[in-house]
Amino acid sequence: MIKKLLLSVAVTVIATSLKAQMTSEMISDTVDDLISQMTLEEKASLCSGRDSWTTKPIERLGIPSIWLADGPHGLRKAPTSDVGGYGDQHPATCFPTASALAASWDTDLIYKVGKAIAIECQSLDVNVLLGPGVNIKRSPLGGRNFEFFSEDPILGGKIAAAYIKGMQEQGVGTSLKHYALNNEEFMRMVMSSEVEERAMHEIYLPNFEIAVKEGQPWTVMASYNRINGIYGTEHKYLLTDVLKDQWGSEGIVISDWVSVIDRVAGVKAGMHIQMPGCEGVTDTLIVEAVKTGELDEAVLDELVKEILTVTLKAKELQKENVTFSVDEHHAFAKQVETESIVLLKNDNNLLPLSKDKYKKIAVIGEFAKAPRFQGNGSSEVNPTKVDTALIEITARAGKQMKVSYAPGYSLSDDNDLSLIEEAKALAEKTDIALVFIGLPQSYESEGFDRSHINIPPSQNILIEEVLKVQPNTVAVLINGSAIAMNWVNDVPAILETWLGGQAGAGATADILFGIVNPSGKLAETFPVRLEDTPSHLNFPGENRKVIYGEGIYVGYRWYESKNIEPLFPFGHGLSYTSFAYSDIKVNKDTLTDEDILEVKVNITNSGDIKGKEVIQLYIHDLNSGYDRPPKELKAFSKVELETGESKEISFELDLRDLSFYDPSIHQWVAESGDFEILIGASSADIRQKIKVNLYNSKLYPLGFDKLTFMATFMNTPETKHLVDPLMKKGFDNPEEIIGNPFLLHMPIIKYPYISGGRITEEEVLSVVEQAKDIKIHR
């Protein structure tokens, strides 16, 4: 019976695989046939949308239209494709926003989120959901930070890849956005993100790279902004050289809505579809460019081939009569939020709420009755239902605990202090006060950035006043990004609930009462003050440019390098239990560039209740010739443990994980030498470490050019023989030059002048060309 069952499963798997392969081959043949029948005008027509949400069909050839809809933490589908759908969109499950999802550090969970949203898309005939948003949180001021995952590219990339796989395996495409360096809302239509090459490749591109290589999103959305002066929709280096040629993207590029400036330049760069539709205006420009020879029709044909491939695949995988359970998806949204809530502080084990310790509970804050559970803008979901904290807390308290409520502040007036005395009096009469505070919708939204990281003045004053009469005070935070907390040292317990989706209030209550043990960890650093943040002097920019002056030192990389203690560090999050780390080991103390480094560590639940822990692996290059941060996240794992249970957690690292990006040779480089492998509960809480040595046999170009100092040529054994003859020819006493730091630290191209013409420019350029062919060990 077992053999028969296994055989049946094997046949099913093979059949499914063959069907996918046949579908792919059939689509390819169909695409080639369609292109051979299309007119130039028809080809151009596929390069822009039909209206707000759909692509153009070509009915005579049977080419269908597909529907794209906003996301990413739930489906936002307009009632018809020719309207925006703001306020009248179809109901859908509102999951926690991206800042919360990333705080789960749980790729398996995020995969299931993608799957659930895809089912809802299929139920409403949506073919592509516009998400996930994977942009780096460069500054806590970013108005759209709630829609992005993390300040770290590895965490953000892995979470995005899981989301993409979960959704696309259900036959719904994704749109990885916003590519690239879209890290603020200020003047986003014209702003140029001025970033040096190393920071671009180490911080701002790896999140996209991971998502593309592991998830293969059907579409990638080009951003509004410029990158070093070139619009994202026209950036050939990013859209073709990197995305397609280096990373192997098999999808298409669509524009962010109304982001296109030069449509023909976009086609040349590799941007497939302009959204939304523009009544064919730019289609005509494409046709004219082909006719005048400005645009090679073969370039257009390649884009159209890729558009058709995605379009036909989307229609092939569209399912009929799909339904879902509103209640089941709501319950799942609550589970997701419980995994994402972060217990920031819990002095003297104030939480969880216990009927033995607390008989009377004060719930304070208008957020407890009027929940803010998602961000504002294009991602706004029309929820199927919404929980409220006061109701959920009261339900869990039962008859043994009395719950009382006071609003404490007004969400419509930041400076209204008239409600504080009532809240203070209530808090004094109870055993514990739960104060719900955070950012109103007017404080963070798509379309504008924050100007500070403070919560409203009335809320700050409220919690300070409550603390005067009730030492057992819990601050329950509702916000999409980091906030300042001037009262942090006085409040014994702080719970970060983010923008937790439609079931967020129920999840918050489950955490407060210990029904679920908190396991979320911060995916972004919380600073003490805005002035401590790495981009403080370069945000939001001016004169249509923003300088990324902090380079690679974004988030925890900055705080660690500058020895600035944050309010709460990256990766931080407490539990109602405790975990012990022990016995770190590696498979090799010395490794080569061809080896995979296996790292193992034991984790034990040393507390009294079942819980989950996020184990984080960082590296530190001890011998780098380039500046590198003290810690760089490379891997993570979330594990559940019963009381007293231990598990061995394994990680694998390859050469890329030990590398930095060298802009002088435009390559990733791993230097031979010692590395520390650091395992911890946060970036600031390292529990285990071990040292390994890398021998890299790879050869790398020198990266020398005509601006390289003569001292560098002289001090590099592989090039000294090239410049020795020049020095002898150019100077009667070369030793005087060699002993003169001022002259020696001049670019080599200046030596024709320094030598009074005895060294020629041709000779210098010849040396430079010869140096380009030399490769060395690093």
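In short, a report on the structure.

Some words on the packing of helix H13 (residues 389-397) against helix H16 (residues 504-512)
Move 1: Running from amino to carboxyl end, H13 crosses H16 at an angle of 40°, the nearest separation of the two axes being 8 Å. Taken together, the axes of H13 and H16 lie oblique to each other. H13 and H16 meet at a crossing whose hand is right-handed. When H13 is examined against H16, the residues Ala389, Glu392, Ile393 and Arg396 are found in contact with a partner set consisting of Ala505, Gly506, Ala509, Asp510 and Leu512.
Move 2: Considering only residue class, the contact of H13 with H16 consists of five nonpolar, one polar and three charged.

Overview of empty space enclosed by the protein
Move 1: Scanning all chains against the criterion turns up six cavities of 30 Å³ or more.
Move 2: Considering only enclosed or pocket space, the largest cavity measures out at about 160 Å³ in volume.
Move 3: Around the largest cavity, the lining comprises 19 residues; the ones closest to its centre are Pro371, Arg372, Ile478, Gly504 and Ala505.
Move 4: With three residues, the single largest contributor to the lining of the largest cavity is H16.
Move 5: Space inside the second largest cavity adds up to approximately 100 Å³.
Move 6: Together, 14 residues line the second largest cavity, and Lys137, Arg138, Pro140, Glu151 and Thr525 are the ones closest to its centre.

Considerations on the packing of aromatic side chains
Move 1: Under the counting rule described, the total for this entry stands at 15 aromatic pairs.
Move 2: When the ring of Tyr556 is compared with that of Phe570, the centres are 4.6 Å apart and the planes differ by 20°; the resulting orientation is stacked. Placement of Tyr556 in helix H17 (residues 556-562) and of Phe570 in the loop between H17 and strand S18 (579-586) is noted, with a sequence separation of 14 residues between them. Considered together, Tyr556 and Phe570 belong to a single accessibility category, that of buried residues.
Move 3: Clustering of aromatic rings is evident, with ring pairs tying together Trp105, Tyr556, Phe570, Tyr618 and Phe636.
Move 4: Geometry around Tyr548 places Arg138 over its ring, the cationic atom sitting 4.1 Å from the centre.
Move 5: Taking the ring centre of Trp668 as reference, the NZ or CZ of Arg656 above it sits at 3.8 Å.

Structural notes on helix H11 (residues 297-317)
Residues separated by three or four positions in an α-helix point in the same direction, a consequence of the helix having 3.6 residues per turn.
Move 1: For H11, which comprises 21 residues, the first-to-last C-alpha distance of 30 Å matches the rise-based estimate of 30 Å (1.5 Å per residue) to within 8%.
Move 2: Residues of H11 that are buried include every one of Leu300, Leu303, Val304, Glu306, Ile307, Leu308, Val310, Thr311, Leu312 and Ala314, and no others.
Move 3: Measuring from the backbone nitrogen of Ala298 back to the side-chain oxygen at the start of H11 gives 2.9 Å, which picks out Asp296 as the cap.

Structural notes on the sheet that holds strand S14 (residues 432-438)
Picture the strands of a sheet paired through backbone hydrogen bonds; they go either parallel or antiparallel.
Move 1: As summarised here, the arrangement of the six strands in space is S10-S16-S15-S14-S11-S13, forming an open sheet in which the pairing is mixed. Bordering the open sheet on either side are strand S10 (342-346) and strand S13 (402-406), each of which pairs with just one other strand. Averaged over all pairs of adjacent strands, the angle between their axes in this sheet comes to 20°, without regard to strand direction.
Move 2: Pairing of S14 with strand S15 (residues 473-478), which is carried by six bridges, proceeds in the parallel orientation. In the sheet register, Ala433 faces S15, and the bridge partner there is Thr473.
Move 3: Lying on the sheet, H13 is in contact with strand S11 (360-364), S13 and S14; it crosses S13 at an angle near 165°.

Let's talk about the sheet that holds strand S4 (residues 173-179)
Move 1: Strand order across the open sheet formed by five strands is S1-S3-S4-S6-S9, with parallel pairing between neighbours. Each having just a single partner strand, strand S1 (68-70) and strand S9 (252-255) make up the two edges of the open sheet. With direction set aside, neighbouring strand axes in the sheet form an average angle of 30°.
Move 2: Taken together, the two bridges between strand S3 (residues 128-130) and S4 define a ladder with parallel strand orientation. Among the inter-strand pairings, Leu129 is bridged to a residue of S4, identified as Thr174.

Remarks on the packing of helix H4 (residues 107-123) against helix H5 (residues 153-168)
Move 1: The interhelical angle for the contact between H4 and H5, taken along N-to-C directions, is 40°, at an axis separation of 7 Å. Of the possible angle classes, the one that applies to H4 and H5 is oblique. You can see that H4 and H5 cross each other, and the crossing is right-handed. Facing H4, whose interface residues are Thr107, Ile110, Tyr111, Gly114, Lys115, Ile117 and Ala118, H5 presents Lys158, Ile159, Ala162, Tyr163, Lys165, Gly166 and Met167.
Move 2: Its residues placed into classes, the contact of H4 with H5 shows eight nonpolar, three polar and three charged.

Comments concerning H13
Move 1: Among all positions of H13, only Ala389, Leu390, Glu392, Ile393, Arg396 and Ala397 are buried. Along the axis of H13, the buried residues cluster in a sector spanning 165°; they form a single face. Along H13, exposed side chains directed more than 90 degrees from the buried face belong to Ile391 and Ala395.
Move 2: Structurally, H13 contributes buried residues whose contacts are with helix H12 (326-340), S11, S13, S14 and H16.
Move 3: With its phi angle positive at about 65°, Gly398 sits one or two positions after the end of H13.

Things to note about the nonpolar core
Move 1: With 118 residues, the main nonpolar core has Met38, Leu176, Tyr179, Trp257 and Leu308 as its most contacted residues.
Move 2: If you tally residues by element for this core, the top one is H11, at eight residues.
Move 3: For Trp257, the residues in contact, after removing those within four places along its chain, are Ser52, Trp53, Leu68, Leu130, Met221, Tyr224, Met275 and Pro276.
Move 4: Counting 69 residues, the second largest nonpolar core, distinct from the first, contains Phe146, Ala423, Leu426 and Leu512.

Focus: the layout of surface pockets
Any space left empty among the atoms is revealed by the rolling of a water-sized probe across them.
Move 1: Of the volumes computed, that of the second largest pocket is approximately 470 Å³.
Move 2: In this structure, the second largest pocket is lined by 21 residues; those nearest its centre are Ile154, Lys158, Ile210, Arg656 and Asp657.
Move 3: Elements represented by at least two residues in the lining of the second largest pocket include exactly H5, helix H7 (206-215) and strand S22 (632-641).
Move 4: Along the lines of polarity and charge, the residues of the lining of the second largest pocket split into nine nonpolar, one polar and eleven charged.

So, the state of the cysteines
Move 1: All told, the structure shown has zero disulfides when counted by the stated rule.
Move 2: There is no disulfide at Cys94, and the cysteine sulfur nearest it, in Cys121, is 14 Å away.
Move 3: With a relative accessible area of 0%, Cys94 lands in the buried category.
Move 4: Here Cys278 is not disulfide-linked; the sulfur of Cys47 is the nearest cysteine sulfur, at 11 Å.
Move 5: We classify Cys278 as buried; its relative accessible area is 19%.

Analysis parameters
Residues numbered from 1 in each chain as written. Predicted model: local features only at pLDDT ≥ 70, side-chain atom pairs only at ≥ 80, totals over all residues. Heavy atoms only, no water. Axes fitted to C-alpha atoms, helices over the stretch in contact; angles between N-to-C directions. Helix = DSSP H or I, 4+ residues; strand = E, 2+ residues; numbered from the N terminus. Parallel < 35°, antiparallel > 145°, perpendicular 65-115°, else oblique. Left-handed = near helix turned anticlockwise from the far one by under 90°. Contact = heavy atoms within 4.5 Å. Nonpolar A, V, L, I, M, F, W, Y, C, P; charged D, E, K, R; others polar. 1 Å grid on protein atoms, 1.4 Å probe; cavity = no way out; pocket = protein on both sides within 12 Å on 5 of 7 lines; lining within 4 Å. Points joined across faces, edges and corners; volume = space filled by probe spheres on them. Phe/Tyr/Trp six-rings, centres within 6.5 Å; stacked < 30°, edge-to-face > 60°. Buried < 20%, exposed > 50% of the residue type's maximum accessible area, 1.4 Å probe, protein only. Lys NZ or Arg CZ within 6 Å of the ring centre and 35° of its normal. Expected span 1.5 Å × (residues − 1). Polar contact = N/O pair within 3.5 Å; in protein donor to acceptor, adjacent residues only side chain to side chain. Pairing = 2+ DSSP bridges. Arc of directions from axis to C-beta. Core = buried A, V, L, I, M, F, W, Y, C linked by side-chain atoms within 4.5 Å. Disulfide = S-S within 2.5 Å.

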